[in-house]
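# Close look at the chain arrangement
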Amino acid sequence: MSVDASTRLIDRLARRSASYADSPWAAIDPHLSAHPDLIYFGSGAPAAELYPMARFAWAAGEVWERLDPRELDYGELAGYPPLRELIVKRMVGLGIDAGDEVMITSGSQQGIDFVAKLFLDPGDVVVVEAPTYIGALQALDGYEPDYWSVPMDDEGIDVREIRRRIATTGRVPKLAYVIPTYQNPTGRTMSLDRRTALIDLCAEHGIAILEDDPYGEMWYREPPPVAMRGLSADVIYLGTFSKTMAPGVRVGWMVAPAAIYDRLLLAKEATDINAARPMMREMYLSADGFIDGHVAEARPFYRRRRDALLRALREHMPPGTTWIEPDGGFFVWVTLPVGLTAMDLLPIAARHGAGFLPGCLFYPPADAVDDSLRLSFSSLTEERIEIGIERLGRAIAEALGERVS
Ligand SMILES: Cc1ncc(COP(=O)(O)O)c(C=O)c1O
């Protein structure tokens, strides 16, 4: 095909493809090479030191040793039964009775896509927390929703505000996407009362709730409130092994109300026929008898990193900078002194050798504010955290100085 012909193809794309035109990382990546030893607080991945490499290697060997060729046929649309059973058993600890409605997904990201695919026509309203997870916006965008970005306070999303918007606009959202526990990006946890209030409001108006819970097991003080799926069987729940085992293996799961479960299965079949059967077996063998101990060891490991970050912030942040102390998860949300934006700070910080994700990325573009930034502590050593935050403090001080002069 000539260059001209292939250029013209761009004009033939579906409207929804506009949502794949710009990578959210495009604004950040160029800055990350500004310093030879940049300390990057942007990654949401676990610590690579905790990836259970030996366990995975053993499990992979066992799986391929024992595999019957018929297990390499298409099949197991809902997932490898022993893995599903293991997940169901472990979710009891989160207060969830999943019954039989568990489906293995390619990470929770795929679950967000399936739910959007099933519920959203263009222009339907989706409630999201302000700010929310970038990848959820990426997944939802393709279905062309109208977003209601609803602010949060210490107890989580402002349910009264959703009620108010329904009353004033006469519109009823189709879907509420929330991360109630150790939220990405703020680290906040929705209180039990607020969880109940959201469930009640959504039941009243027939709004589907999608609860995304990748961090619920990573608590550092005491276990979080019961999952929303534990409070109502109408909630669609997403879980994942990405934060407890490793993200690259792409194994997550979805628990769905019986009424929509079969449709989700067929959405899975339409998308990729079934999850990779050897990988599901490898995850089952790796996790069975191992994952609980692994998570128990990971908690103090991440708690030390969180504490190092909070300590460094107290020591190095200029006055006027504030942050939320999370009880779990991987993130600390930092709000800058009045007048500074995170995008403006990014090149200055990169020059000083510190990188982060600017807050504006965590909102639908029409609602974006940029007074905050997300720092992740999961994949950096305590020593690197200390050095990186000292650099960030110097960068903020410099940006403040520039603003004054
Ligand atoms: C809130 C949230 N949901 C989903 C994901 C993606 O998880 P997975 O790797 O299971 O697709 C992440 C990863 O950072 C996340 O923070």
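Every value quoted in this text rests on a predicted model; they were computed, and no experiment measured them. (Residues numbered from 1 in each chain as written. Predicted model: local features only at pLDDT ≥ 70, side-chain atom pairs only at ≥ 80, totals over all residues.)

Of the regular secondary structure elements, the protein holds 13 helices and 14 strands. Taking 2.2 N^0.38 as the reference for a compact globule, 405 residues should give roughly 22 Å; the C-alpha atoms of the protein span a radius of gyration of 22 Å, in line with that estimate. If you line up the protein on its principal axes, its C-alpha atoms span 70 × 60 × 55 Å. Here the protein holds 405 residues, and 44% of them are scored as buried. Pairs at least 24 apart in sequence give 77% of the contacts found in the protein among residues at least 6 apart. (Helix = DSSP H or I, 4+ residues; strand = E, 2+ residues; numbered from the N terminus. Rg over C-alpha atoms; globule rule 2.2 N^0.38 Å. Buried ≥ 20, exposed ≤ 12 C-beta atoms within 10 Å, placed from the backbone. Contact = placed C-beta atoms within 7 Å.)

Here we take up the pairing of strand S9 (residues 252–255). Burial along S9 is two-sided: Gly252 and Met254 facing one way and Trp253 and Val255 facing the other are all buried. Here strand S2 (residues 102–105) pairs with S9 via four bridges, running antiparallel. For Thr105, the partnering residue across the bridge sits in S9 and is Gly252. Of the strand pairs in this sheet, strand S8 (residues 236–240) and S9 are connected by four bridges, and their pairing is antiparallel. If you follow Thr240 over to S9, its bridge partner there is Gly252. (Pairing = 2+ DSSP bridges.)

This part covers the domain arrangement of the protein. When cut into domains, the protein gives domain 1 (25–51 + 293–399) and domain 2 (53–289). The set of elements that each furnish at least two residues to the side of domain 1 that touches domain 2 consists of helix H11 (291–316) and strand S11 (331–335). Tallied by class, residues from the side of domain 1 that touches domain 2 come to 16 nonpolar, five polar and six charged. (Domains from an automatic or database assignment. Nonpolar A, V, L, I, M, F, W, Y, C, P; charged D, E, K, R; others polar.)

Time to look at the environment of Tyr20. Along the chain, Tyr20 falls in the loop between helix H1 (3–9) and strand S1 (39–40). When the 11 C-beta atoms within 10 Å are taken as the criterion, Tyr20 is described as exposed. Through-space distance from the C-alpha of Tyr20 to that of Ala116 is 16 Å; in sequence the pair is 96 residues apart.

Taken together, 14 residues surround the ligand, and among them Gly107, Gln109, Asn184, Thr240 and Ser242 come closest. For the shell around the ligand, the leading source of residues is helix H4 (residues 107–119), giving three residues. A per-class count over the shell around the ligand returns four nonpolar, nine polar and one charged. (Near = placed C-beta within 6 Å.)

On to the sheet that holds strand S13 (residues 357–358), then. The strand order across the open sheet built from four strands is S10-S11-S14-S13, with neighbouring strands paired in antiparallel fashion. Only two strands of the sheet have a single partner each, and these edge strands are strand S10 (322–323) and S13. Examined bridge by bridge, S13 and strand S14 (residues 372–376) share two bridges and lie antiparallel to one another. Residue pairing for S14: Pro358 is matched across the bridge by Leu373.

Taken together, eight strands build an open sheet; the order of strands is S2-S9-S8-S7-S6-S3-S4-S5 and the sheet is mixed. Where the open sheet ends on each side, the last strands, each with one partner, are S2 and strand S5 (156–157).

Here the focus is the environment of Arg163. Its place among the elements puts Arg163 in helix H6 (residues 159–169). The sequence separation of Arg163 and Val178 amounts to 15 residues, and the corresponding C-alpha distance is 16 Å.

Quick look at the packing of H4 against helix H9 (residues 258–272) now. A pair of packed helices is captured by two measures, namely the crossing angle of their axes and the spacing between those axes. Here H4 crosses H9 at 115 degrees, and the two axes come no closer than 10 Å. Classified by the angle between their axes, H4 and H9 sit roughly perpendicular to one another. In this structure, H4 crosses over H9, and the sense of that crossing is right-handed. Contacts from Phe114, Lys117 and Leu118 in H4 reach Ile260, Arg263, Leu264, Ala267 and Lys268 in H9. Residues that form the contact of H4 with H9 fall into these classes: five nonpolar, no polar and three charged. (Axes fitted to C-alpha atoms, helices over the stretch in contact; angles between N-to-C directions. Parallel < 35°, antiparallel > 145°, perpendicular 65-115°, else oblique. Left-handed = near helix turned anticlockwise from the far one by under 90°.)

Inspection of the secondary structure assignment puts Thr271 in helix H9. Thr271 sits in the partly exposed class, given 14 other C-beta atoms within 10 Å. Separated by 134 residues in the primary sequence, Thr271 and Leu137 place their C-alpha atoms 19 Å from one another.

Over its 26 residues, H11 extends 37 Å from the first C-alpha to the last, a length consistent with the 38 Å expected when each residue adds 1.5 Å. Of all the positions in H11, only Ile291, Ala298, Tyr302, Arg305, Arg306, Leu309, Ala312 and Leu313 are classed as buried. (Expected span 1.5 Å × (residues − 1).)

Glancing now at the nonpolar core. Core analysis: the biggest nonpolar cluster contains 113 residues, and Ile209 and Leu345 have the highest contact counts within it. By residue number, the principal contributor to this core is helix H13 (residues 382–404), which donates seven residues. Two domains each put at least three residues into this core: domain 1 (25–51 + 293–399) and domain 2 (53–289). In this structure Leu345 touches Leu336, Leu340, Ala395, Ile396 and Ala399, once residues within four positions along its chain are discounted. (Core = buried A, V, L, I, M, F, W, Y, C linked by C-beta atoms within 7 Å.)

Now for the packing of H6 against helix H7 (residues 192–205). Remark: H6 packs on H7, axes separated minimally by 9 Å, with the N-to-C direction vectors making an angle of 20 degrees. Taken as axis vectors, H6 and H7 run roughly parallel relative to one another. In this structure, H6 meets H7 at a crossing whose hand is left-handed. The residues of H7 that touch H6, namely those facing Val159, Ile162, Arg163 and Ile166, are Arg194, Ala197, Leu198, Leu201 and His205. Residue composition of the contact of H6 with H7, grouped by class: six nonpolar, one polar and two charged.

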